[in-house]
Amino acid sequence: MGGALTALTLLSYAWALATNAVVTDWQFMGILANPQDGATYLAKIGQGIRGDWLLQFMHTPELHTGAAIQVFYLFLGHMARLIGVSSLVIFHLARVVTTLFMFIALYQFGATVWTRVRPRRLFFGLVTVGSGLGWLALMVGVSASEVPDVTVPEAYPLYSAYTNPHFPLAIGCLALIAAVFVRVFRIDFTEEPAINNGGLEVALLTLVTALVLPQCLIPFGVSLGLYFLVRAWQTREFPVMELRWIAMLALPSMLVAAFYVVVLLSNDKVNMLSGQIEAMTTSPVLLLVAYGLILIIAVPGLARALRHFEGDGDRLMLIWLVANFLLVFLPFNHQRRLMTGLIIPVTFFAVRSLEDYWIPRLKTQRRKVVALVALFVFVVPSNVLALGMPLFGIINPEAGHDLRLLVEHGYWEAMNWLADTGQPQEVVLSSPNVGLWIPAWGGKRVVYGHPFETLYSETRLAQVEAWYRGEDCDVLLDNAYFEVHYVLVGPQERALGQGAVGADACYADLAESSSRVIEFTDVTLYELAR
């Protein structure tokens, strides 16, 4: 099943590429899910291909000191250079590998909890394809930006597999870490952490997760701390064995966290960019809706866990679920990352409830089969929406442009020219949508390209729009903090002027101050004289 689901995420890309191949006016940029962030990942892989191990944010025009962060994509770039493939190919190859790893890890978690095959399969099926009732929320007019199950891919395994390689890698690592602790916290387990009993596994998996998606360790780490306090209160003793196991996760986490703190304190540009990330906008009600029917099914299992609070997995999973739900509303701008892995304890209790409460109440095999089929039918639609909506943008290029999936073909030609010309630190002035993709495919910096990875992003966006409307022609080309080397003028830039008289004032005579003027399909590139 894991292989089939992985293939499903590839089929949509194959269809998009095949459909776009017969369209001559538009170019598909290679990312269907969350292209805004996908473009930054490709740009980071490109830096690795060039041999860099210190990350530069290419979507901002200011030169700044590189930092050893987000090294996963730099690593992919080095791998791409070694095997001779493009940034897009290595991105999708890594996505396939980490997706298979995630599915194996999730099944391993189920196999650790249950000895029987049916609950293992139920858990695997629900946790991999399950999502919430956000599709119903959309039907009653709730904004998509407030519905986690169509906007937060890291919270749902199948959606994450469709989006990028580091989300499934983090979910898989978290599932294996949780599996070890479920086994360790059983009453009959008394071993100290060692190389051959899961101790080293937890430390290494934690280190990988901390380097790939460190925020997702916070809820599970807090849950382990609360579990330790509960055990101390229950036994009236200091749980030394539990503390040593928890240290296998805590020590690597704190080591990487300390490193990140040093990076942020020593690199003001990286610190500023980190602070620009917007917090998730949702509500407690919509968060409950985001797990929908799976959470409703889980209620009997949750009630039983509250009554008995047993150490056979229920106690740890209950603490994880409750703590995670509360932590998602912490007032900091990486809160959406805290939803990574939350579906694991939710589905754990759903399967507990199915096995111990719901299925025994269905007297015939026929009713059991019908009920399970209906359950899967109702937990899938949000994933179908998340995977299917981008394909509409491939069919309808105007919508694809708005979704940042496509650009006019002349821009693609210009990006290829930029990739073969000049140096990566050179800066390109273009419209915002085009600026998103230039660092990924043209290998150059842009004045504005991303709301979170462009320094002073709101100011830069306003300046770019004002320049292409002819309202302020000096602030960007005579800027003290960066030098613009290239200017693009095409349909998207002209559209910023909305046809107003004088909107072309800043670029009408640009050829006179340019050393080269290159014409592409409907796009003109000016290389400014230096």
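The coordinates are above.
Reading guide: rules and limits
- Residues numbered from 1 in each chain as written.
- Predicted model: local features only at pLDDT ≥ 70, side-chain atom pairs only at ≥ 80, totals over all residues.
- Heavy atoms only, no water.
- Helix = DSSP H or I, 4+ residues; strand = E, 2+ residues; numbered from the N terminus.
- Rg over C-alpha atoms; globule rule 2.2 N^0.38 Å.
- Buried < 20%, exposed > 50% of the residue type's maximum accessible area, 1.4 Å probe, protein only.
- Contact = heavy atoms within 4.5 Å.
- Areas by Shrake-Rupley, 256 points an atom, 1.4 Å probe, with all protein chains shown as cover.
- Salt bridge = Lys/Arg side-chain N within 4 Å of Asp/Glu carboxyl O.
- Disulfide = S-S within 2.5 Å.
- Pairing = 2+ DSSP bridges.
- Axes fitted to C-alpha atoms, helices over the stretch in contact; angles between N-to-C directions.
- Expected span 1.5 Å × (residues − 1).

Notes on the overall build of the protein
When its secondary structure is counted, the protein shows 25 helices and 7 strands. On C-alpha atoms alone, the protein measures out to a radius of gyration of 25 Å, which is about the 24 Å that the 2.2 N^0.38 rule sets for 530 residues. Relative to its 530 residues, the protein shows a buried fraction of 57%. Considering only contacts in the protein between residues 6 or more positions apart, those separated by 24 or more positions represent 72%. Surface accessibility of the protein: about 22,100 Å² in total, with carbon and sulfur atoms responsible for 64%.

Describing unusual backbone geometry
Unusually for a residue other than glycine, F309 sits at a positive phi of about 50°. By the secondary structure assignment, F309 is in the loop between α16 (299-308) and α17 (314-327).

Regarding the environment of L136
Mapping L136 onto the fold places it in helix α6 (residues 134-139). Overall, the relative accessible area of 36% leaves L136 in the partly exposed class. C-alpha of L136 to C-alpha of V261: the two residues are 125 residues apart in sequence and 41 Å apart in space.

Details of the side chain of Q27
With respect to the helices, strands and loops of the structure, Q27 is situated in strand β1 (residues 26-28). What Q27 contacts, discounting residues up to four positions off in sequence, is N20, L405, L406, V407, H409 and W412.

Brief notes about the pattern of salt bridges
Here the structure, examined in full by the defined rule, presents 14 salt bridges. Between R460 and E62 there is a salt bridge, and its shortest N-O distance comes to 2.8 Å. Pair noted here: R460 is in helix α24 (residues 457-468) and E62 is in the loop between α2 (35-49) and α3 (71-83), with a separation of 398 residues, a long-range link. You can call R460 buried: its relative accessible area is 5%. One salt bridge connects R118 with E355, and the closest N-O pair in it is separated by 3.0 Å. Of the two residues, R118 is situated in helix α5 (residues 117-129) and E355 in helix α18 (residues 343-358); the sequence distance between them amounts to 237 residues. Of the residues examined, E355 reaches a relative accessible area of 9% and is grouped as buried. Linked through salt bridges whose partners overlap, the residues forming this network are R304, E310, D314 and R352.

Here we look at the state of the cysteines
Here a disulfide denotes one covalent bond, and it connects the sulfur atoms of two cysteines. Taken as a whole and assessed by the stated rule, the structure comprises 1 disulfide. With no disulfide partner, C173 has as its closest neighbouring cysteine sulfur the one in C216, 8.3 Å distant. On the basis of relative accessibility, which here comes to 1%, the residue C216 falls in the buried class.

As for the environment of S283
Along the chain, S283 turns up in the loop between α13 (268-275) and α14 (284-289). When its relative accessible area of 25% is taken as the criterion, S283 is described as partly exposed. Remark: the alpha-carbon pair of S283 and V147, spanning 136 residues in sequence, is separated by 9.1 Å.

Some thoughts on the sheet that holds strand β4 (residues 445-446)
Here we have 5 strands laid out as an open sheet, ordered β4-β3-β5-β7-β6, and mixed in their pairing. Only two strands of the sheet have a single neighbouring strand rather than two, namely β4 and β6 (514-520). Bridging between strand β5 (residues 484-489) and strand β7 (residues 523-528) involves 4 bridges; their strand directions are antiparallel. Bridging across to β7, L488 finds its partner in L525. Running over the sheet, α24 touches β3 (427-429) and β5 and is turned about 60° from β5.

What to know about α17
Look at α17: 20 Å from first C-alpha to last across 14 residues, which is about the 20 Å you get at 1.5 Å a residue. Among the 14 residues that make up α17, 12 are buried, leaving the element largely enclosed by the rest of the structure. Those residues of α17 not exposed but buried are D314, R315, L316, M317, L318, I319, W320, L321, A323, N324, F325 and L327.

As far as function goes, none of this settles anything; it's purely spatial.
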